Amino acid sequence: MLQISELCKTYPNGVQALKNVSLDIPKGMFGLLGPNGAGKSSLMRTLATLQEADSGSATFDGLDVLVDKDKVRRILGYLPQDFGVYPKTSAEDLLTHFAVLKGLTERKQRKEVVDGLLQQVNLWDQRKRKLGTYSGGMRQRFGIAQALLGDPKLVIVDEPTAGLDPEERNRFLNLLAEIGEQVVIILSTHIVQDVTDLCPRMAIICEGEVLLSGEPLQAIETLRQRVWRKVVSKDRLPSYQRDHTVLSSRLVGGRPVLNIYSETQPDDGFVQVDPDLEDVYFQRLREFEQAA
Ligand code: ADP
């Protein structure tokens, strides 16, 4: 279990990226959901021992994450948001290089680990290819392979699906899902569907604050009978946005379909729909905006 308590971080330019962030993160997949600039990377980098917090604490199975950095690095697998690779090196060579850095000095054992990981992430057939020729999805799968070196107990992946096409995204998420339940895996994303598909537990953060944490299904239940849908005309859109809590508006066949949060029917023609995690996400963000 990773326990984060009242973590704060203000950058020298005055941006308060983390405001008393407290989260209990059990083993399994945990989704950290928030818009761009919410503070996800700041939190991930802090947990990955790459930057300091101003105050607060984080412990992982008794280990002080903010202090015992060397010990944390030994149990950590990290895929940063801007994971760069050496374009002229093959996947096999670079993974072998990372394995040496991780302390896998015994040749035969190292080869077994590297081969196993290349197979696990489905890059075995392409292992000799230069990384510069890889697609975005292949690069991310390579990124997961390097993050899994050394059997990490805490795996942090920061916005791994941004920029992947749907098929690559699915492959990548399936790979994450297979890592196992005995490991804490934190997946940060601004894509609600990533969390819906994979994460039994989650948190929503915005402007450095935790707006919700818990189980997606439970959060969805709290919106039951409160989400209403209607196809409206484009010129009515601004008045709905002014008078109601519009959770989402998307065009279907060129016409706006609104989801509105309301305890009672907003007006004629609205029908109640089953809430989903996207409704939860936008309801929390709207509530936060309205309170600001
Ligand atoms: P996210 O990963 O959710 O997009 P970040 O943690 O990257 O959010 O950023 C949170 C806020 O902190 C943003 O307003 C961002 O501009 C700011 N920020 C991030 N890194 C730095 C930095 N090194 N120096 C100053 N401000 C930063």
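Residues numbered from 1 in each chain as written. Predicted model: local features only at pLDDT ≥ 70, side-chain atom pairs only at ≥ 80, totals over all residues. Heavy atoms only, no water.

Enquirer: Before we move on, can you summarise the overall build of the protein chain with the specific residues and values?
Expert: Helix and strand counts for the protein chain stand at 10 helices and 14 strands. When the backbone C-alpha atoms are referred to their principal axes, the protein chain occupies close to 70 × 45 × 35 Å. For the protein chain, buried positions account for 50% of its 292 residues. When the accessible surface of the protein chain is split by element, carbon and sulfur atoms take 46% of a total near 14700 Å². Across the protein chain, 36 positive and 40 negative side-chain charges occur, with their mean positions spaced 6 Å apart. (Helix = DSSP H or I, 4+ residues; strand = E, 2+ residues; numbered from the N terminus. Buried < 20%, exposed > 50% of the residue type's maximum accessible area, 1.4 Å probe, protein only. Areas by Shrake-Rupley, 256 points an atom, 1.4 Å probe, with all protein chains shown as cover. Lys, Arg positive; Asp, Glu negative; His and termini not counted. Charge placed at Lys NZ, Arg CZ, Asp CG, Glu CD.)

Enquirer: Tell me about the environment of Gly 163, and please be specific about residues and values.
Expert: As for its placement among the helices and strands, Gly 163 is situated in the loop between β7 (154–158) and α6 (166–177). On the basis of relative accessible area, Gly 163 is assigned to the exposed category, the value being 78%. Separated by 67 residues in sequence, Gly 163 and Lys 230 place their C-alpha atoms 31 Å apart.

Enquirer: Outline the pattern of salt bridges, listing residues and values.
Expert: Across all of its chains, the model carries 17 salt bridges by this definition. Put simply, Lys 128 and Glu 92 hold a salt bridge, and the shortest N to O gap is 2.7 Å. With a gap of 36 residues between them, Lys 128 in the loop between α4 (107–120) and α5 (136–147) and Glu 92 in helix α3 (residues 91–101) connect regions that are remote in the sequence. Classification of Lys 128 as exposed rests on a relative accessible area of 58%. Ionic contacts of the salt-bridge type, sharing partners, join the residues Glu 92, Arg 127 and Lys 128 into one network. (Salt bridge = Lys/Arg side-chain N within 4 Å of Asp/Glu carboxyl O.)

Enquirer: Describe in detail the sheet that holds strand β6 (residues 76–79), supporting the description with residues and values.
Expert: Ordered in space as β6-β7-β8-β3-β9-β10, the six strands form an open sheet in which the pairing is mixed. Each edge of the sheet is formed by a strand with only one pairing partner; in this case those strands are β6 and β10 (209–214). Neighbour-to-neighbour, the strand axes of this sheet turn through a mean angle of 15°, independent of strand direction. (Pairing = 2+ DSSP bridges. Axes fitted to C-alpha atoms, helices over the stretch in contact; angles between N-to-C directions.)

Enquirer: Break down the site of the ligand for me, citing the residues and quoting the values.
Expert: Around the ligand lies a shell of 13 residues, among which Gly 37, Gly 39, Lys 40, Ser 41 and Ser 42 are the nearest. Take Gly 37: an N or O atom from its main chain is 2.7 Å from an oxygen atom of the ligand. Measuring from an oxygen atom of the ligand, one finds a backbone N or O atom of Gly 39 at 3.0 Å. For the ligand, the protein covers 65% of the area, taking 560 Å² as the surface of the free molecule. The element best represented in the shell around the ligand is helix α1 (residues 40–47), accounting for four residues. Of the residues contributing to the shell around the ligand, the split by class is five nonpolar, six polar and two charged. (Near = heavy atom within 4 Å. Polar contact = N/O pair within 3.5 Å; in protein donor to acceptor, adjacent residues only side chain to side chain. Nonpolar A, V, L, I, M, F, W, Y, C, P; charged D, E, K, R; others polar.)

Enquirer: Tell me about α5, residues and numbers included.
Expert: Taking 1.5 Å per residue as the helical rise, α5 with its 12 residues ought to reach 16 Å, and the 16 Å between its terminal C-alpha atoms agrees with that figure. When you tally the buried positions in α5, you get 10 out of 12 residues, the bulk of the element. The set of residues buried in α5 consists of Gly 137, Met 138, Gln 140, Arg 141, Phe 142, Gly 143, Ile 144, Ala 145, Gln 146 and Ala 147. In the core, the buried residues of α5 are packed alongside β6, α3, α4, β7 and α6. (Expected span 1.5 Å × (residues − 1). Contact = heavy atoms within 4.5 Å.)

Enquirer: Before we move on, could you go through the sheet that holds strand β11 (residues 227–231) and cite the residues and values that matter?
Expert: Pairing in this open sheet of four strands is antiparallel, and the strands run β12-β13-β11-β14 from one edge to the other. Strands at the two margins of the open sheet, each flanked by one partner only, are β12 (245–252) and β14 (271–272). One ladder, built from two bridges, connects β11 with β14; its direction is antiparallel. Within β14, the residue paired with Arg 229 across the bridge is Val 271. With respect to the sheet, helix α10 (residues 277–291) is in contact with β11, β12 and β13 (255–261), its orientation differing from that of β12 by roughly 130°.

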